[in-house]
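Breakdown of the fold
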Amino acid sequence: MRLLPARPRLLAVGEPTHGEDVLLELRNELFRQLVEQEGHRAIAIESDCLMGLVVDDYVTSGTGTLEQVMRTGFSHGFGASAANRELVRWMRAHNEERPASEHVRFAGFDGPLEMTGPGSPRQALTALHGYLAAHGDAGLLPCAAETLDGLLGADDRWTNPAATMDAAQSVGQSAEARELRLLADDLATLLDVQAPALIAASSRDDWDRARLYGRTATGLMRYHFWMADTSPSRVSRLMGLRDSMMAANLLAVAERGPAMVHAHNRHLQRDKSVIQLAGLPLEWWSAGAIVRAHLGENYAFLATALGTIRHRGVDVPPPDTVEGLLYALPEDRHVVDARRLAAALGDARPVRPRASPYYGYLPLDPAHLDEYEGIVFVRDLPSGQSPSYDRVVS
């Protein structure tokens, strides 16, 4: 926190690879410190935003069991992580002893978007419609629940994995999908039109949850529409739409007060994402860049960098890389002032990007060091030691 000019509403800590519990244990320890020492009240991670409601219900009210939550509350296989299980267990234990006003909250901020493609919009649309029907003016609803059900049809139409690579397999620009997209927009707009009455008839938390349904419904319909696009910009657009959905969820988390965010560095960075996929150059703005445009210094990003992941074939980094310079430091973990590091390097000592032999690990780009508030450096993975943030390197 001493590296930051002001106390941000969102403190984002990235990771350069998924699936390493050592990094998640480090995240857990940092979150506990932020809760106990800085008054943070929420954590948002790169997992399905609707599934995340299952986790939040459990940690705040004890709904369900820990086993059920780990099975149904996470996407991308994250429920199998022992570190994620420990995070949920700790949050529940913390909240059990405190009034609701002091509870820590959990949020997934990714859309319902697995690698095999987007989910069905059914859950978000029907939940949004149900909330408006129960608490609002039913005469303003643009359709009946049965109309939604008929337009949605079978869920496997929406979740067909073949549509990920073949636009012709997508139903996103069918007549039914076009009508659903308009209805989703009308339903989401009603939440704002009727906000005073809806909040009075339910609660602010219920209305906020309905807003999540609205964001997800409109976001999914937009995503499905462009899944059916055949232009060369299709994949870049889809990447951007995913991060835009993430950003909208993070801005909603920021409304509640200071929170920690954890996801891949690429989603949280402030510079434009640029990659090559099958020879095709892709560019889009990350969720972090979008949120920073809205929040300014109320959004801060610390990228995590790694020395070795030997079980993934990532050995000691070359000395003329950012990771190599940090690897030469004597201790296992550091928090580094990235801007002072960039200024100190200047043009005097050339630093080249590190090449990764493992596709799942993305090293830092030295050209963007001054766009990080800091770097969290972990020397070697795996490690059985508990992380410490007592040492700040500037």
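Per an unreviewed UniProt entry, the protein chain carries the name Erythromycin esterase family protein and comes from Nonomuraea antimicrobica.

Side note on unusual backbone geometry
One non-glycine residue with positive phi stands out, namely His-76, at about 60°. Its location among the elements puts His-76 in the loop between helix H3 (66–72) and helix H4 (82–96). His-76 gets classed as partly exposed once you look at its relative accessible area, which sits at 25%.

Things to note about the pairing of strand S6 (residues 259–264)
Summarising burial for S6: six of the six residues are buried, a large majority. Direction of pairing for strand S1 (residues 10–15) relative to S6: parallel, over a ladder of six bridges. Bridged to Glu-15 within S6 is His-264. In this sheet, S6 lies alongside strand S2 (residues 42–48) in parallel orientation, the contact comprising three bridges. Of the residues in S6, the one forming a bridge with Ile-45 is His-262.

As for the packing of helix H5 (residues 122–135) against helix H9 (residues 204–227)
Relative to each other, H5 and H9 sit at 140°, their axes nearing to 8 Å. Judged by the inter-axis angle, H5 sits oblique to H9. In this structure, H5 meets H9 at a crossing whose hand is left-handed. In this structure, H5 contributes Ala-124, Leu-125, Ala-127, Leu-128 and Tyr-131 to the contact, and H9 contributes Asp-206, Trp-207, Ala-210, Tyr-213, Gly-214, Thr-216 and Ala-217. Across the contact of H5 with H9, the residue classes break down as nine nonpolar, two polar and one charged.

Notes on the nonpolar core
Core analysis: the largest hydrophobic core is formed by 38 residues, its most contacted members being Phe-31, Ile-43, Phe-74, Val-88, Met-91 and Phe-106. Among the elements of the structure, S1, helix H1 (21–38), S2, helix H2 (52–61), H3, H4, strand S9 (299–309) and strand S11 (374–381) are those that each provide at least two residues to this core. With seven residues, the single largest contributor to this core is H1. Sequence-distant contacts of Phe-31, that is, excluding residues within four places in its chain, are made with Ala-42, Ile-43, Leu-87, Trp-90, Met-91, Val-104 and Met-260. Ala-247, Val-253, Tyr-372 and Ile-375 belong to the second-largest nonpolar core, a separate cluster that totals 35 residues.

The rules behind each value
Residue positions are counted from 1 within each chain, in the order its sequence is given. With the structure being a predicted model, the display of local features is reserved for residues of pLDDT at least 70 and the display and counting of side-chain atom pairs for 80 or more, all residues being used for whole-chain, interface and lining totals. Calculation of side-chain values draws on the structure's entire complement of heavy atoms; hydrogens and water are dropped beforehand. Helix and strand definitions here come from DSSP, where helices need a minimum of 4 consecutive H or I residues and strands a minimum of 2 consecutive E residues; each element is numbered from the N-terminal end. Using a 1.4 Å probe on the protein chains alone, a residue whose accessible area is under 20% of its type maximum counts as buried, one over 50% counts as exposed, and one in between counts as partly exposed. Pairs of strands are assigned from DSSP output, requiring at least two bridges between the strands. Only the contacting stretch of a helix is used when fitting its axis, a line to C-alpha atoms as for every element, and angles between N-to-C directions run 0 to 180 degrees. Working definition: roughly parallel below 35 degrees, roughly antiparallel above 145 degrees, roughly perpendicular at 65 to 115 degrees, and oblique for all remaining angles. Take the far helix as the reference: if the near one is turned anticlockwise from it by less than a right angle, the crossing is left-handed, and if turned clockwise, right-handed. Contact criterion: two residues are considered in contact whenever any of their non-hydrogen atoms come within 4.5 Å of each other. Amino acids outside the nonpolar list (Ala, Val, Leu, Ile, Met, Phe, Trp, Tyr, Cys, Pro) and the charged list (Asp, Glu, Lys, Arg) are all regarded as polar, and Gly is one of them. Nonpolar cores were defined as sets of buried Ala, Val, Leu, Ile, Met, Phe, Trp, Tyr and Cys residues, with membership established by side-chain atoms within 4.5 Å.

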